[in-house]
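Structural overview
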Amino acid sequence: MKAVDIHEALIEAGHQIGYSTVCRYVKDHKSKGQEVFIRQRYAPGSSTEFDWGMTKLIIGGKQKNMMLSVFTLAHSNHRWAMLFYRQDMPSFLQSHVAYLSDIQGVPIEIVYDNMKTAVAKCTIRQSDKLPTDDLLKISTYYEFDYRFCNVAKGNEKGHVERSVEYVRRKAFCRKDQFDTLQQAQDHLQAEVQRLNDKPVKDNSISINDVLKTEQKKMIPLSTTSYDYAITQQYRLDKYHTISIDTNHYSVPDSIHGPMIDVKLYPHQIIIYNKTNQKAAKHTRLHAKHQWCIDINHYWKSMTPKPGALSHSEPLHQVPKHIKLLFEKYYSKIPQVYIQLCHYCATELIDIQLLIQATQLTYTQSPHNTLSFDKVKWNMVSLINAILEEKSNV
């Protein structure tokens, strides 16, 4: 109720009381319950705070909701930020690895709110909260302590709460269009560097200079890099792909399921075979319901059914010059194209040599059908000529 509603309720109940009296009572009651904040003072290198923010950017002509990871040192107010497409665990871990590498030290404590990437079990009582397994692993690796804020108490990490808004505004209020994510990240880093070059409040020393003092009090940084990938298993479907966040990624047809081991990074995925060897790598897609297909993953499967090649998704996604090679010389003989491409993939031969060998074979006998043996012969001849030229040099 507002004061006017309370006054009306009292009058209806038969009480003789003025509206101003009710207003004074409500004001006094509110002031008694006002929270008192305790000013904090942090020693150099003792604490840094982490938080996520969201900013709308235009990347490559399309508007994206980008996630902004921000760290702020409590003593110097030194800020650091990085852009991601997702607020997921690989992004959470990469931001930590990149941040600690940049400041060349590990703060004694990192403070988080109740984000799901940090807190596995969120409770009212602080003592009952549990960290995620990945936070536990990375904190053990770098030897830092972690602390969680109370529920709905963002003021407990007030440095970074203000920094998210401040960094976002200073970096992107006047420029929010970029060709690539890397271009946007470079712009963000330049702006954050400019902010850190400013002097500390009530002092002539810059924030970056104070950071040097903090580094001396931090935990030494490990010389080996922390692997921030998340290892998971995914089910292989009938198209020999795995689905991650609604997007499909091809798996080499030499690997058989039903479950495939995958390492997830913020911007790429790596597929492993049954002997834990790297079998394939894809750039991670950031749209929805997309297909990322490598035609080299399907040569063995297409050998007994060459007719499936011409309208296939793998052929649709190959680089333009490889697709033109098929359409110009092999559209009527797809089995020869498959054999040659499979041979090149197996022997690690550059596809440009196949293009040159095809053109040479066609020039030699334009009225004859291209064959695997003829094109292979010319391709081997080209390779030998290159090796001979290198040996003479």
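Note that residues are indexed from 1 along each chain, following the sequence as it is written. Thresholds applied to this predicted model are a pLDDT of at least 70 for local features of residues and 80 or more for the giving and counting of side-chain atom pairs; totals over whole chains, interfaces and linings are not thresholded and use all residues. Processing note: side-chain calculations cover all non-hydrogen atoms of the structure and skip hydrogens and water entirely.

The subject of this paragraph is the pairing of strand β2 (residues 62-73). Pairing of strand β1 (residues 47-59) with β2, which is carried by 12 bridges, proceeds in the antiparallel orientation. Residue pairing for β2: F50 is matched across the bridge by F71. Here β1 folds back onto β2 in antiparallel fashion, the turn holding two residues, of which G60 has a positive phi close to 60 degrees. Here β2 pairs with strand β3 (residues 79-84) via six bridges, running antiparallel. A pair of strands counts as paired when DSSP detects no fewer than two bridges linking them. Comment: elements are numbered from the N terminus, with helices defined as DSSP H or I runs of at least four residues and strands as E runs of at least two.

Within the largest apolar cluster, 46 residues are counted, with the highest numbers of intra-cluster contacts made by F92, Y112, I242 and V262. Tallying contributions element by element places helix α3 (residues 89-103) first for this core, with eight residues. Non-local contacts of I242, meaning those with residues more than four positions away in its chain, are made with Y234, R235, L236, N247, H248, Y249, V251, I260, V262 and I271. Residues enter a nonpolar core if they are buried and are Ala, Val, Leu, Ile, Met, Phe, Trp, Tyr or Cys, with the set joined through side-chain atoms within 4.5 Å. Exposure categories follow from relative accessible area, calculated using a 1.4 Å probe and restricted to protein chains: below 20% of the type maximum is buried, above 50% is exposed, and the middle band is partly exposed. Core analysis: the second largest hydrophobic core is formed by 30 residues, I295, V318, I322 and I349 among them. Should any heavy atoms of two residues lie within 4.5 Å, those residues are considered in contact.

Another aspect to go through is the sheet that holds strand β15 (residues 291-292). Read across the open sheet, the three strands follow the order β10-β11-β15; overall the sheet is mixed. Of all the strands in the sheet, the pair left with one neighbour each is β10 (241-244) and β15. Relative to strand β11 (residues 247-250), β10 runs antiparallel, the two being bridged by four bridges. Of the residues in β11, the one forming a bridge with T241 is S250.

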